[in-house]
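As a plain string of letters, each chain reads:
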Amino acid sequence: MTGFCLVLSGLESLSREDLLALLALQQRQIEDLKSTVVALTDKVRDLESRLGRNSGNSSMPPSSDIFVKPERRKKPSSGRPRGKEPGAPGMSLKLVERPDQQLDEFPPECGGCRSALPKASVGFTRRQCHDILPISVQITETRWHRVRCGCGQVTAAKVPDDVPDCPYYGPQLATLAVYLLAYQHVPVERAAKLIRDVTGAAPSTGWIASQLVKVAGLVEAPNKLIMALLILASVLHADETATNVAGKKSWLHVACTNKLTLLTLAPRSKAGAAAGGVLPNFTGTMVHDALWLYRGFPDADHQLCCAHVIRELTACDERFPGQIWAPQIRWSLAEMIKVADAARSEGLDHIPPERLRRWLIYYNSAIQVGLHHHPVNPQSDKQSMETNLLLRLRDYKDQYLRFTVGLAVPATNNAAERDLRPVKTQLKISGCHASATGAKNWLAVRSYIVTAIKHGLGAFDAIRQAITGQPWMPSIEFA
C-alpha cells in the first residue's frame, strides 16, 4: 500500500488538465499494446499453422511430412484376411500348351532290376520355368554389293540415307535408353551403366542423352494432336508444380484428361499457363485448385477442386477445434461427392434435387457460422486465412459445386495431380534437369508416353514406334 500511496500522492499534485493528458497518453499506450498483442497473436497462429501443415491438411506432398505427419484414420476392419479379394483375377503362372523349348528327362535305369531303360515314354510329369534369355548385343552387318552387268556397267546397291557410314547402335537399344530416361526416371549415367551391365553394349552418356532429343523431335506431331484434342475436350484438368532446372526453381504445367496429357515448362503466371496453347482456346469445364492464374481464362467454365478445399478445412478444424463450421462444410462436400458418384453409377444424367437439398443447407449454414467466428475486417485489406477461405466458398459456391450440375465433371483435380507426381519422382532420383532445353525434351517425350499408356499402349512399344519412324497417334474419338 505504501507504493500505491506514493503514486497517489504524486498524482494529487497534478492539475486536472495534466491528469487528463496523462490518462489520454495511457489510453493510447493501451491501444497500441492491444494492437501489438493482436498482431503477435495472429503471427503466432500463422507460424503454428505453417509448422502444422502436412499432406493431410494442405496441398503439400507426402514426401514433405518431415516434422509433422498427419493422423491417418484407420478404416474399420472388414474381418477379411489381407491379400487378394475374392473373385479377383490371380497373377500366378499357368502352364502353356506350346512352350518355346521342350527338354526331356528319362530315368537312367530301372528302379527295380537296375537295367538300362529305352527312351520310350509311357507317361510324364510336366514342369515349366519362365525365364529370360541372356541379353547380349547382336551385331548385324549389312553389305551393299556392286554388280557388274554383261554390258560392263557396274551397279551398286543404294545405301539408305538414314544409315550412317560408321558403326551405330540400333533402334532397340535406343528405345531402351529413352525408356529408362523418360519413363523409369533413371539418370543418364546410371542408364549407361545399366545398359552396359545387362546387354554388354557400352554407349556413351552423350549418345544416350541424344536419343531423348531425337525422340522429342519425332513425337512433335503426336503432341500437336494431343494439344488440339485437349482444346476440344469437354472437361479438362489443369495444375502446376515446382521443378528444378539447372539448379533454379522452375514451373511445370499440365493440361490433361483421362485419355490425354500435355506437360510444358513455363513461368507460374497466366502467360505461363497459356504457353502450352491449350487453356487460351479451351471453352469446356476446367478443373483446377482455385489458383488465381486459372481465373484469367473466362471462356471456360470452372470446377474448383474439392479435395484441395477439404484439406484446407481440415487445417482450420485443427486450428480451431471448438468450432463446428469447418468439419460441417467438409462433411457436406464429401456427402455431395458420394451423391454424385451414386447418380453416376445409376446411369443418371443429373442428380435429383431432393438428394442434394439437405447437404446444401448444411453447406450454406456452416459458411454463415464460420463468418460469424471470423468476420470480415473492413478496416484492413488483409483478411485472416479462415475468412478468405469462407469468402471463397461463399462467392465461388457454383464453381465448387459444378460437379453436382454436370455428372461428367469430376469433383477433384486428382487426374492432374497423378500426371504431375512422376515429375517429383524424377527430382528425387535425378535432382534436376541440366537445362531448360533438356527439361522440355523430357516433358515432350513424357507427354507422348503417358498419353499412349492411357490408350492401352505400353511405354516401350510407344517409344519404339516413334524411333522406327511410325509414332503412335491418339484417336480423334477420344476428344
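Residues numbered from 1 in each chain as written. Predicted model: local features only at pLDDT ≥ 70, side-chain atom pairs only at ≥ 80, totals over all residues. Heavy atoms only, no water.

If you check an unreviewed UniProt entry, the chain appears there as IS66 family transposase from Catenulispora pinistramenti.

**Some thoughts on the sheet that holds strand β7 (residues 301-304)**
The strand order across the open sheet formed by five strands is β5-β4-β3-β6-β7, and the pairing between neighbours is mixed. For this open sheet the edge positions go to β5 (261-265) and β7, each flanked by a neighbour on one side alone. Going across the sheet, the axis of each strand differs from the next one's by a mean of 25 degrees, ignoring polarity. Set on the sheet, helix α6 (residues 220-232) makes contact with β3 (235-245), β4 (248-256) and β5; between it and β5 the angle comes to about 105 degrees. Relative to the sheet, helix α13 (residues 414-430) contacts β3, β4 and β5, its axis offset from that of β3 by approximately 15 degrees. (Pairing = 2+ DSSP bridges. Helix = DSSP H or I, 4+ residues; strand = E, 2+ residues; numbered from the N terminus. Axes fitted to C-alpha atoms, helices over the stretch in contact; angles between N-to-C directions. Contact = heavy atoms within 4.5 Å.)

**Focus on the nonpolar core**
In terms of nonpolar packing, the biggest core is built from 44 residues, with V178, I208 and V445 touching the most fellow members. For V178, the contacting residues outside a window of four places in its chain are Y183, Q211, L212, V215, V445, I463 and I467. (Core = buried A, V, L, I, M, F, W, Y, C linked by side-chain atoms within 4.5 Å. Buried < 20%, exposed > 50% of the residue type's maximum accessible area, 1.4 Å probe, protein only.)

**Concerning the packing of helix α3 (residues 171-183) against helix α14 (residues 436-454)**
Orientation of α3 relative to α14, taken along the N-to-C sense of each, is 95 degrees, at an axis distance of 10 Å. Classified by the angle between their axes, α3 and α14 sit roughly perpendicular to one another. Across the interface between the two elements, V178, L181, A182 and Y183 of α3 pack against W442, V445, R446, I449 and I453 of α14. (Parallel < 35°, antiparallel > 145°, perpendicular 65-115°, else oblique.)

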